[in-house]
Amino acid sequence: MCGIIGFSGNLEAAPVLVAGLEQLEYRGYDSAGIAVQSAKGVKTAKTVGNVSVLKEKIKEETFEGSCGIGHTRWATHGGVSEENAHPHRFGKVTLIHNGIIENYKEIWEEYGAGKTLASQTDTEIAAALFDALYEGKPEETIRKAVKLLEGSYAFCIMFEGVPDTVYCIRKVSPLVAARAKEGSFVASDVTALIAYTQDYFVLPEDTILVLKKEELYLEDLQGRRVEPEMLHVNWDTTAAQKNGYPHYMIKEIHEQPEALHNTIAPRMKAGIPDFEVDKIPDRIFKEINQIKIVACGTAMHAGMVGKVLIEKRVRIPVAVEIASEFRYQNPIIDEKTLVIVISQSGETIDTLASLRLAKSEGACTLGIVNVKGSTIARESDYVLYTHAGPEIAVASTKAYTVQIAALVMLAMRMAYVRGKLDEAGMKKDYELLKSSVEALKLSLTLEETIKELTYALTDKEDLFFIGRGIDYALSCEGSIKLKEISYIHSEAYAAGELKHGTISLITEGVPVIAIATQESVYAKMISNIREVKARGALVILITQEDMEAEEAIYDYHLTIPKLPDEFTPIPTAVILQLIAYYTSVHRGLNVDQPRNLAKSVTVE
Ligand code: M6R
């Protein structure tokens, strides 16, 4: 969490930092600040609220200097207040931090004697440590400090007496850097750099990055120069803008046809999925007797869909695990296990820790990741990149459907390699995958209808999603999407499970979004819908277009085109995303930046 940016170059630093923070705001938005270095010293401004509040606060101020650091915060240690906002200054040191310092108490006991803190943050204690160790040599100070610091961190540090220079170091928390004609840049994410260059590198751990006006360079902890491994993004600044849409979320919902095309097309050779371009060998699908899919939130819900797809085609046991649980459960994994980790950001700390655990137990690991060069992508044995482009809205939309597409292709290839599906079967599946993308386009045309019907949800306090089989996985996704951005309490239930308790909560007018796209369990699902309708529920029914449903059992009926059961998730997901989006819009909420949340969860 938290977005950080550093700059040293030939432009005024303050506007560069603020513009960068605007791009990084999705990482945290409870407070923001910048510090700019000049011959007169370091000038800092910070505020509670998001970057627009900071911008307003500093609009009349002059910040001299072309070197500085900026931070947008998601509070972990210390409440949301101006004192706790970054940058923090201690003595000769001004810094920003993303991460958590676990041994802050010990550090303060050792290095804080007789000193006072202005904030309640672990970050200020880290600044005190750097200051205590500083004897005019920044690199040496950093080398000494990282031996003492425990936890995760990405630091950008300015030292008094060292003009126009930002020093950076990281452990776990991400940092990328780039050199452009305007100067040297560092940030949590490439979206903040894209206005200047599409070529960048990920700062390796245990490596000091030095940003100067005319150059940037890397040194390892022994002081030896390190060559960066350059990466290139094939999207530009327009991809990270709203481009006329009122919110990133709705823009990203509409980008799904393209995101799916970009993810599927490079892997399809004559209708057969082929992961040669990803360098994923067939061997890893053959030499396994179980699969674990590990992820968090929406990515985990994509995994639930993947389980159904893989088990049906490959007949191999697949377990879907919540990453934050998996890592503490002493999971049963070995060399015959394929662990698939799914992550849009590639930085989610619990997913990353699960990946490391799986590797240490000898499992083969495959990451399905959207962000190029992210930690999970780099540390997985194999990586299948989704090509959704930058996803800025906190609510994940296009990243989810491309994850499902990736899992469909994996299921097909695994089935082929293990002799469960022949070439003709694969080609048929490919046609169906393409049909599900076409069906998604039709779901997008339901936007106006969904906008109108969601007025019926605006003043509700509780809501239920029900479904069976793959539709239960979609219910989980519909529910998280709705509650995270509309703040309406919602629960997802396997429809057959309702009568084991939950049905007592269904009273007059309680909305139930019934996802009934699965032919195989349609009759059972209709019975469950009757049960809730009989108790007064307001039912929004989602089915395939040819499925019959008597009018008495629903209030609103939305349909997707006819498809075999496993190919319904992609078009259904869009309907659920639009329901969440318009409910939030009607309630007048901040759709892209829901309260208390942040896009990348890099703390445990
Ligand atoms: O970056 P990741 O895919 O690892 O993120 C996982 C979850 O934090 C994420 O999917 C979250 O649940 C979304 N905000 C939900 O819309």
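What you are looking at is a predicted structure, and each value in this text was computed from that prediction instead of being measured.

We now examine the domain arrangement of the chain. Partitioning the chain into structural domains gives domain 1 (3-239), domain 2 (243-440) and domain 3 (447-586). If you average the C-alpha positions of domain 1 and of domain 2, the two centres end up 33 Å apart. Domain 1 puts 14 residues into the contact, and the matching count from domain 2 is 14 residues. A combined buried area of about 1,200 Å² lies between domain 1 and domain 2, and 55% of that area is made up of carbon and sulfur atoms. The largest per-residue losses of area from domain 1 upon contact with domain 2 belong to Tyr26, Val172 and Ala239, which jointly make up 33% of the total buried on that side. One can count zero salt bridges joining domain 1 with domain 2. The tally of links between domain 1 and domain 2 comes to two residue pairs in polar contact (both at pLDDT 80 or more). Where the side of domain 1 that touches domain 2 is concerned, the elements lending two or more residues are β11 (199-202) and β15 (230-232). The class makeup of the residues in the side of domain 1 that touches domain 2 is nine nonpolar, three polar and two charged.

Attention now goes to helix α17 (residues 522-533). Over its 12 residues, α17 extends 16 Å from the first C-alpha to the last, a length consistent with the 16 Å expected when each residue adds 1.5 Å. Within α17, burial applies to Tyr522, Met525, Ile526, Asn528, Ile529 and Val532. Down the axis of α17, the sector holding all buried residues measures 160°, keeping them to one side. Projecting away from the buried face of α17 at angles above 90 degrees are the exposed residues Ala523 and Lys524. Packing partners of the buried residues in α17 comprise β23 (462-467), β25 (511-516) and β26 (538-544).

Judged by pairing direction, the sheet is antiparallel, and its seven strands sit side by side in the order β5-β6-β7-β8-β12-β13-β14 without closing on themselves. Two strands in the sheet have a free side with no partner beyond their single neighbour: β5 (88-90) and β14 (225-226). The pairing of β5 with strand β6 (residues 93-101) spans three bridges and is classified as antiparallel. Bridging across to β6, His88 finds its partner in Leu95.

Pairing is parallel in the open sheet, where five strands are placed in the order β24-β23-β25-β26-β27. Across the chains shown, the open sheet's two edge strands, defined by having one partner strand only, are β24 (489-494) and β27 (556-560). Adjacent strand axes in the sheet meet at a mean angle of 15°, parallel and antiparallel pairs treated alike. Across six bridges, the pairing between β25 and β26 is parallel. Residue Pro511 lies in a different strand from β26, and its bridge partner there is Leu538. Contacts from helix α16 (residues 470-486) reach β23, β24 and β25 within the one sheet, and its direction differs from that of β24 by about 175°. Relative to the sheet, helix α18 (residues 569-586) contacts β23, β25, β26 and β27, its axis offset from that of β27 by approximately 140°.

Before going further, it helps to spend a moment on the environment of Leu442. Tracing the backbone through its elements, the reader meets Leu442 in helix α14 (residues 423-444). Taking the C-alpha atoms as reference points, Leu442 and Ala399, separated by 43 residues in sequence, lie 19 Å from one another.

The next point concerns the layout of surface pockets. A volume near 750 Å³ is recorded for the largest pocket. Around the largest pocket, the lining comprises 41 residues; the ones closest to its centre are Trp235, Asn370, Ala388, Gly389 and Pro390. Of all the elements in the fold, those that place two or more residues in the lining of the largest pocket are β11 and α7 (256-264). Here the element with the most residues in the lining of the largest pocket is α7; it accounts for three residues.

This part covers the pattern of salt bridges. Enumeration according to the criterion identifies 31 salt bridges in this entry. Among the salt bridges present, the one from Arg89 reaches Glu160, with a minimum N-O distance of 2.8 Å. Of this pair, Arg89 sits in strand β5 while Glu160 sits in the loop between β7 (151-159) and β8 (165-171), and the two are 71 residues apart along the sequence. On the basis of relative accessible area, Arg89 is assigned to the partly exposed category, the value being 37%. You can call Glu160 partly exposed: its relative accessible area is 43%. Between Arg530 and Glu550 there is a salt bridge, with the nearest N and O atoms lying 2.3 Å from each other. Residue Arg530 is found in helix α17, and its partner Glu550 is found in the loop between β26 and β27; the two are separated by 20 residues along the sequence. Judged by relative accessible area, Arg530 falls into the partly exposed class, the value being 37%. Each of Lys312, Arg313, Asp429 and Glu566 takes part in one network of salt bridges that share partners.

For the rest of this paragraph, the subject is empty space enclosed by the protein. Within this structure, the stated rule accounts for two cavities of 30 Å³ or more. Of the voids in this model, the largest cavity is the one considered here, and its volume is about 90 Å³. Taken together, 14 residues make up the lining of the largest cavity; nearest its centre are Cys2, Arg73, Thr76, His86 and Gly99. Residue assignment for the lining of the largest cavity shows that the elements contributing at least two residues are β6 and α4 (122-133). Here the lining of the largest cavity takes three residues from β6, the largest share from any one element. Volume-wise, the second largest cavity comes out at about 30 Å³.

The next thing to look at is the packing of helix α1 (residues 13-24) against helix α2 (residues 51-58). The interhelical angle for the contact between α1 and α2, taken along N-to-C directions, is 160°, at an axis separation of 10 Å. In this view, α1 runs roughly antiparallel relative to α2, as classed from their interaxial angle. When the axes of α1 and α2 are compared, the crossing they make is left-handed. Note on element contacts: α2 touches α1 through Val51, Leu54, Lys55 and Ile58, opposite Val18, Leu21 and Glu22. Partitioned by chemical class, the residues of the contact of α1 with α2 number five nonpolar, no polar and two charged.

It is worth spelling out the nonpolar core at this point. One finds Ile34, Ile291, Ile310, Leu338, Ile340 and Leu410 to be the most contacted residues of the largest nonpolar core, which totals 128 residues. Setting aside chain neighbours within four positions, we find Leu410 in contact with Phe275, Phe285, Ile340, Leu366, Ile368 and Leu384. With 27 residues, the next largest nonpolar core counts Leu133, Leu149, Tyr153 and Ile169 among its residues.

The rules behind these values
- Residues numbered from 1 in each chain as written.
- Predicted model: local features only at pLDDT ≥ 70, side-chain atom pairs only at ≥ 80, totals over all residues.
- Heavy atoms only, no water.
- Domains from an automatic or database assignment.
- Contact = heavy atoms within 4.5 Å.
- Buried area = accessible area lost by both parts, 1.4 Å probe.
- Salt bridge = Lys/Arg side-chain N within 4 Å of Asp/Glu carboxyl O.
- Polar contact = N/O pair within 3.5 Å; in protein donor to acceptor, adjacent residues only side chain to side chain.
- Helix = DSSP H or I, 4+ residues; strand = E, 2+ residues; numbered from the N terminus.
- Nonpolar A, V, L, I, M, F, W, Y, C, P; charged D, E, K, R; others polar.
- Expected span 1.5 Å × (residues − 1).
- Buried < 20%, exposed > 50% of the residue type's maximum accessible area, 1.4 Å probe, protein only.
- Arc of directions from axis to C-beta.
- Pairing = 2+ DSSP bridges.
- Axes fitted to C-alpha atoms, helices over the stretch in contact; angles between N-to-C directions.
- 1 Å grid on protein atoms, 1.4 Å probe; cavity = no way out; pocket = protein on both sides within 12 Å on 5 of 7 lines; lining within 4 Å.
- Points joined across faces, edges and corners; volume = space filled by probe spheres on them.
- Parallel < 35°, antiparallel > 145°, perpendicular 65-115°, else oblique.
- Left-handed = near helix turned anticlockwise from the far one by under 90°.
- Core = buried A, V, L, I, M, F, W, Y, C linked by side-chain atoms within 4.5 Å.

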